[in-house]
Amino acid sequence: MVTAENLYSADIRQNLHAVKARIDEAARVAGRAPDTVALVAISKTHGADSIADAITAGHRLFGENRVQESEDKWPALLERAPDVRVHLVGPLQSNKVKRAVQLFHGIQTLDRPKLARALAHEFDAQGRQSECFIQINTGEEPQKAGILPSEADGFIAECRDKMGLPIAGLMCIPPADEEAGLHFGLLAEMAGRNGLHRISMGMSGDFETAVRFGATHVRVGTAIFGQRRPVRLGLE
Ligand SMILES: *Cc1c(COP(=O)(O)O)cnc(C)c1O
């Protein structure tokens, strides 16, 4: 019988090991050095206990998708493991930019000019920066956040050259019903022609494909932590 208990009691250390082995193999097949691919363990909805297991297993890079949830979980964890890095991979509202910059080492969802201006202002005000990834809406899906491919080069230049933002790379979430490789290829090409070295793409279902297309950051949740816990409504 599947109970709540055994549904959530995945062996996180073993899962991390298995995902890393698959990344290494995909890199090897693609002729890339395994250490050129960073695994971002997406811990959204999972409790501090599960995250602590991953930290104890030696993992140091995590991703979350909500500011409030991260503020509830992360300060205590970071106090115990100050070398851990946490990236925001979910949408960021302008009124939460201050809190996001206080907490996150990376922001992977820079998806509009207004947010770019707010981040530039906040980095200045706090005297600290989070490395930024620009989210590209490679599938041009109306319901999805991100800069359209046709506007990407201009937006990258605007953020980097005019606003002086620390743009590390690009990020995408391909449409669920399309061949992910097409989108990964497009993102990698866009990063290359703009001289950006970091490419965040690939999730539990397709991270090996992403590695083949040049991902430097794969964002994997379910394959590490198991099924996500039901989202608590009204969390933010
Ligand atoms: C939840 C999430 C992931 C991880 O998805 P899995 O399929 O659980 O690996 C990756 N990227 C983003 C932006 C997410 O919100």
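Residues numbered from 1 in each chain as written. Predicted model: local features only at pLDDT ≥ 70, side-chain atom pairs only at ≥ 80, totals over all residues. Heavy atoms only, no water.

1. Thoughts on the pairing of strand S3 (residues 85-88)
- Across four bridges, strand S2 (residues 61-64) lies against S3 in parallel orientation. Considered in S3, the bridge of Glu64 is made with Leu88.
- Handedness of the S2-helix H4 (residues 67-80)-S3 crossover: right-handed.
- Examined bridge by bridge, S3 and strand S4 (residues 106-110) share two bridges and lie parallel to one another. Bridge pairing in S4 places Leu88 opposite Ile107.
- A crossover connection joins S3 to the parallel S4 through helix H5 (residues 97-103); in handedness this β-α-β unit is right-handed. (Pairing = 2+ DSSP bridges. Helix = DSSP H or I, 4+ residues; strand = E, 2+ residues; numbered from the N terminus. Right-handed = clockwise from strand over helix to strand, strands pointing away.)

2. Quick look at helix H2 (residues 12-29)
- A rise of 1.5 Å per residue sets the reference length of H2, with its 18 residues, at 26 Å; its end C-alpha atoms lie 26 Å apart and thus fit the reference within 8%.
- When H2 is considered as a whole, its buried residues turn out to be Ile12, Leu16, Val19, Ile23, Ala26 and Ala27. Axial view of H2: buried residues confined to an arc of 100 degrees, hence all on one face. Exposed and facing more than 90 degrees away from the buried side of H2 are Gln14, His17, Arg28 and Val29.
- Tucked inside the fold, the buried residues of H2 contact strand S1 (38-42), helix H3 (48-56), helix H9 (207-212), strand S8 (217-220) and helix H10 (222-225).
- The N-cap residue of H2 is Asp11: its side-chain oxygen and the backbone nitrogen of Arg13 are 3.3 Å apart. (Expected span 1.5 Å × (residues − 1). Buried < 20%, exposed > 50% of the residue type's maximum accessible area, 1.4 Å probe, protein only. Arc of directions from axis to C-beta. Contact = heavy atoms within 4.5 Å. Polar contact = N/O pair within 3.5 Å; in protein donor to acceptor, adjacent residues only side chain to side chain.)

3. Some thoughts on the packing of H3 against H4
- Here H3 crosses H4 at 30 degrees, and the two axes come no closer than 11 Å. Looking at the two axes, H3 sits roughly parallel to H4. Taken as a pair, H3 and H4 cross one another with a handedness that is right-handed. Within the contact between the two elements, H3 uses Ala48, Ile51, Ala52 and Ile55 and H4 uses Lys73, Trp74, Leu77 and Arg80.
- Split by residue class, the contact of H3 with H4 holds six nonpolar, no polar and two charged. (Axes fitted to C-alpha atoms, helices over the stretch in contact; angles between N-to-C directions. Parallel < 35°, antiparallel > 145°, perpendicular 65-115°, else oblique. Left-handed = near helix turned anticlockwise from the far one by under 90°. Nonpolar A, V, L, I, M, F, W, Y, C, P; charged D, E, K, R; others polar.)

4. Quick word on the side chain of Thr216
- With respect to the element layout, Thr216 can be found in the loop between H9 and S8.
- By relative accessible area, Thr216 is classed as buried at 13%.
- Among the polar contacts listed, one links the side chain of Thr216 to the backbone nitrogen of Ile199, at a separation of 2.8 Å.
- Side-chain polar atoms of Thr216 contact the side chain of His217, separated by 2.9 Å.

5. A short note on the site of the ligand
- Within the structure, the ligand sits among Ile42, Lys44, Val89, Met171, Ile173, Met203, Ser204, Arg219, Val220, Gly221, Thr222 and Arg228.
- With respect to the ligand, the side chain of Ser204 contributes an N or O atom lying 2.5 Å from an oxygen atom.
- Measuring from an oxygen atom of the ligand, one finds a backbone N or O atom of Gly221 at 2.8 Å.
- Along the lines of polarity and charge, the residues of the shell around the ligand split into six nonpolar, three polar and three charged. (Near = heavy atom within 4 Å.)

6. Topic: the environment of His197
- Relative to the assigned elements, His197 resides in the loop between helix H8 (180-193) and strand S7 (198-200).
- With relative accessibility at 66%, the residue His197 sits in the exposed group.
- Not counting residues up to four positions away in its chain, the partners in contact with His197 are Ala168 and Thr216.

7. Topic: the confidence of the model for the protein
- Per-residue confidence for the protein gives a mean pLDDT of 94, with 93% of residues at or over 70.
- Below pLDDT 50 for its whole length, residues 1-9 participates in seven contacts with residues either more than four positions away or in separate chains. (pLDDT = per-residue confidence, 0-100.)

8. Structural notes on the packing of aromatic side chains
- Scanning the model with the defined rule gives one aromatic pair in all.
- Here the aromatic rings of Phe62 and Trp74 are separated by 5.2 Å at their centres, their planes lie at 55 degrees, and the arrangement is tilted. You can see Phe62 sitting in strand S2 and its partner Trp74 sitting in helix H4, a full twelve residues away along the chain.
- Since its relative accessible area comes to 0%, Trp74 is described here as buried. (Phe/Tyr/Trp six-rings, centres within 6.5 Å; stacked < 30°, edge-to-face > 60°.)

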